[in-house]
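Letter by letter, the chains look like this.
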Amino acid sequence: MQISVRSLVEFIFREGDIDNRHGPAMNPDAMLEGSRMHRKIQKEQGEEYMAEVPLQFIHDAGEYEIVVEGRADGIFPDENGIWVIDEIKGMYMDLDFLKEPIYVHLAQALCYAYIFASQNGKEQMGVQMTYCNLDTEERKYFRREYTIGELTEWFEKLMAEYQKWADFSYYWRIERQASIAPLEFPFEYRRGQKQLVGDVYRTIARRKNLFIQAPTGVGKTISTVFPAVKAVGEGLGDRIFYLTAKTITGTVAKDTFALLREQGYKAKVIQLTAKEKLCLCEEMECNPDHCPYAKGHYDRVNDAVYDLLQKSDTFTRDEIWEQAREWMVCPFEMSLDVATWADDIVCDYNYVFDPKVYLKRFFQEGVKGDYLFLVDEAHNLVERSREMYSAELYKEDFLEIKKIMKPHSKRIERALERCNKILLEYKRECENYVIYDSIGNFILALMNLATAMDSFMQKSYDFPGKKEVLDFYFQVRSFLDISEIADERYVIYSEMCEDKRFKLKLFCVDPSKNLQNCLNKAQSTVFFSATLLPIHYYKRLLSTLEDNYAIYAETTFSPEQRLLAFCRDVSTKYTRRNHREFAKMASYIRKAISCKKGNYMVFFPSYKVMDQVSEIFLDMLEEQEETQDVVCIVQRNGMREQEREAFLEHFTVEDGKTLVAFCVMGGIFGEGIDLKNDALIGTIIVGTGLPQISNEREILKNYYDEESGNGFDYAYRYPGINKVLQAAGRVIRTTEDRGIILLLDERFLQRDYEPLYPREWARREICNLDTIEDTVHRFWNTLEEESPCEI
């Protein structure tokens, strides 16, 4: 069994409260800047100074061995010939507040001192803690000497405390591996599914990455989870991360693991839930003054986790809540600790890829695990990763925070004023948007502001507006963190927003390098989606490797199950958005739904177009006196969860009427909903889904035009067709489903779109407003004449 020195001491020696009021100033983990500062300090040392020394100690635990390993920042002999371990820590806090070493830092150094002394016959060792403020580069040193007897006693006590956790992990792993061997695929293989399962397994065995275009119905969840579990059983991985963009797909994944457990699979499985959904308090104030679960959390959480691990294997939200109440710990933080001991972790993309919230337990710098990443609905990761690796600040926020801080800190007030002055200069030069090669003057001023706020945040008193100040401080730190990784794949720009606010943004136009840094932490990654087309686009933006695999899974659906019709005499081009064109769209909808009673969804490129067409459609129904036979529902912007559920409940009502649901492409109903059988018999898609023209879209277009000449595709066409494919995918969900898919825009017939369509779209009809009714009638009549088995 292996564990890093850092993980070991941080796990055993943590104590005290959760307290979010101080921010990163007190956080010892300042990774990006810390690495840079490490290298600088190491280079300044003498010739005898050895930097980044790998150390490893094998602890005999009886039936197994625990390998404790890490890298000492520095090892050197002092003037008396005593060898010294140098542990370097970069921090944001004012070092005047630091009166002694932080114990978890000292514990790391003590581990290295023991390992070095025991392996090199040293009777005495020096331990030096080197602290450096990452903004000012001010340094502070703590130094002490230890005998080998003191180090041995300390280290043996540490390992004794860790023993029960290691025992649990070791014996549980034996059970898990034994349970995997006899597992068999839980269903009869569908057409092409066995090949898909084999492809996933071979990818993992070769430690490669795989992109799967997986049409609806191939069983993509079980076809990826099952071979991943079998690969773990063969020692090709040790922990599976099932990554999703939405809670509903995560629930499907957890149910799939549960299905294997019914066959005898033994595994600890957890689905991570967002902090706001797990919080037991009315307001999410994570500090000991406002939350009883935050007070003393770290004193109790290890015992709470160990107890839960003995009681359960699948950790539901209710179990997490019950355990948190019993032990008076934060349920969210406890769930993250439980994940440390889980075999299968179902979670949002953020927990692996987002630099602000990723699971440091697994993915901190220098750590690589035997992880397998299964990335569901991977088409969402392009835009999500751009958001994760970008950062923005608004000039108006600096003035607002300046007002709040004026009575409390002249230093911060001056620093805010300096930043505001620079932003004002940028604003004067900006009519629409401006791209910058460098904003070094602003970054320097922002670092000075962050340093001033660091010092202030270490004071614990409350004042009006402190929450707003803390939120702003996190934004400043995020901006500085992103500035450290911003390179040629970024565009720095400012713009005047519609609400008249002035924004400065570090925009990650190409997230592939940042994502690859995360993918490198895993043994293998499988990306899959029903709409991963064109696949070269996703291979280009989600990874930097050239040897990634890609496959197109075989559909289990028959072309006879659906009518796919391209309507050639209508368009949503901006130049054709008028009442006449909207009336034509409404007529298409009315004619299509008149052929068969049932439930239909109509997707539009924007709320504005949707509202205009739906209004005309309702007028048509009134004129024809058909309102009593048709129920219309309309998606609204910002719908709450209860409103969404009420919207979808309409599809379960059996009242003999036709339901027409007006929705927006790319919205909450555009993907991730599963309406089977007669719950949905038709989807009508209005327009090609092109994103609205904006400064950011134009920046993307110009960037990729310069890089490869396909800027319009990357900024508009590819994101648009994905929304179309997702909307079209709502209508055929099982082999029993039958339905129609109408695409209303002449641009779908253009040559540039042809390569973007799935193979399953090879069979399609082309029609106009005069022929659409006959085309749809013919499809439904043919189905009625044929038996299901013939189809």
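Structure: above.
Here the structure is a predicted model, which is why all the values come from computation and not from measurement.

**Student:** Any chance you could explain the side chain of D737 here in plain terms?
**Tutor:** Looking at the secondary structure, you find D737 in the loop between α25 (711–728) and β24 (739–744). The buried charged residue D737 lacks any salt bridge partner; its closest oppositely charged side chain belongs to R733, at an N-O distance of 6.2 Å. Polar side-chain contacts of D737 include one of 2.9 Å to the side chain of T734. If near-sequence neighbours (up to four positions away) are discounted, D737 is found in contact with Q561, L675, K676, N677, V731 and I732.

**Student:** Would you mind going over the packing of aromatic side chains with me for this structure?
**Tutor:** The description of an aromatic ring pair rests on the distance of the ring centres and on the angle between the ring planes. Within this structure, the stated rule accounts for 52 aromatic pairs. For the pair F13 and Y103, a centre-to-centre distance of 5.1 Å together with 85 degrees between the ring planes defines the contact as edge-to-face. One end of the pair, F13, is in helix α1 (residues 5–13); the other, Y103, is in helix α3 (residues 103–120), with 90 residues separating them in the sequence. When the ring of W165 is compared with that of Y306, the centres are 5.1 Å apart and the planes differ by 75 degrees; the resulting orientation is edge-to-face. Remark: Y306 occurs in helix α9 (residues 297–311) and W165 occurs in helix α4 (residues 148–180); sequence separation between them is 141 residues. Assessed through its relative accessible area of 2%, W165 is described here as buried. Following the ring pairs from residue to residue traces out a cluster consisting of F11, Y162, W165, F168, Y306 and W341. Above the plane of the ring of Y306 lies K164, whose end atom (NZ or CZ) is 4.2 Å from the centre.

**Student:** Explain helix α5 (residues 193–205) to me, please; I cannot follow it from the model alone.
**Tutor:** Note: α-helices contain 3.6 residues per turn, so residues at a spacing of three or four share the same orientation. For α5, built from 13 residues, the straight-helix expectation of 18 Å at 1.5 Å per residue is met to within 8% by its first-to-last C-alpha distance of 18 Å. Within α5 the residues assigned to the buried category are Q193, L196, V197, G198, D199, V200, T203 and I204. Its buried side turned inward, α5 meets β7 (209–213), α6 (220–233), β12 (371–375), β17 (524–529) and β18 (549–552).

**Student:** I keep staring at the sheet that holds strand β15 (residues 490–496) and nothing clicks. Help me out?
**Tutor:** The pairing of strands in a sheet comes from backbone hydrogen bonds and takes either a parallel or an antiparallel form. Pairing in this open sheet of four strands is antiparallel, and the strands run β13-β16-β15-β14 from one edge to the other. Two strands bound the open sheet, and with one partner strand each, they are β13 (391–394) and β14 (433–436). Ignoring which end each strand starts from, the neighbouring axes of this sheet average 20 degrees apart. Along the sheet, helix α15 (residues 395–405) contacts β13 and β16 (502–508); its crossing angle with β13, the most-contacted strand, is approximately 60 degrees.

**Student:** Where do I start with the pairing of β24 in this structure?
**Tutor:** Successive residues of a regular strand alternate their side chains across the two faces of the sheet. Across the six residues that make up β24, a large majority, six, are buried. On β24, burial covers both faces: G739, I741 and L743 on one face and I740, L742 and L744 on the other are all buried. For strand β19 (residues 562–567) and β24, the ladder comprises six bridges, and the chain directions are parallel. Within β24, the residue paired with L564 across the bridge is I741.

Definitions and cut-offs
Residues numbered from 1 in each chain as written. Predicted model: local features only at pLDDT ≥ 70, side-chain atom pairs only at ≥ 80, totals over all residues. Heavy atoms only, no water. Helix = DSSP H or I, 4+ residues; strand = E, 2+ residues; numbered from the N terminus. Buried < 20%, exposed > 50% of the residue type's maximum accessible area, 1.4 Å probe, protein only. Lys, Arg positive; Asp, Glu negative; His and termini not counted. Salt bridge = Lys/Arg side-chain N within 4 Å of Asp/Glu carboxyl O. Polar contact = N/O pair within 3.5 Å; in protein donor to acceptor, adjacent residues only side chain to side chain. Contact = heavy atoms within 4.5 Å. Phe/Tyr/Trp six-rings, centres within 6.5 Å; stacked < 30°, edge-to-face > 60°. Lys NZ or Arg CZ within 6 Å of the ring centre and 35° of its normal. Expected span 1.5 Å × (residues − 1). Pairing = 2+ DSSP bridges. Axes fitted to C-alpha atoms, helices over the stretch in contact; angles between N-to-C directions.

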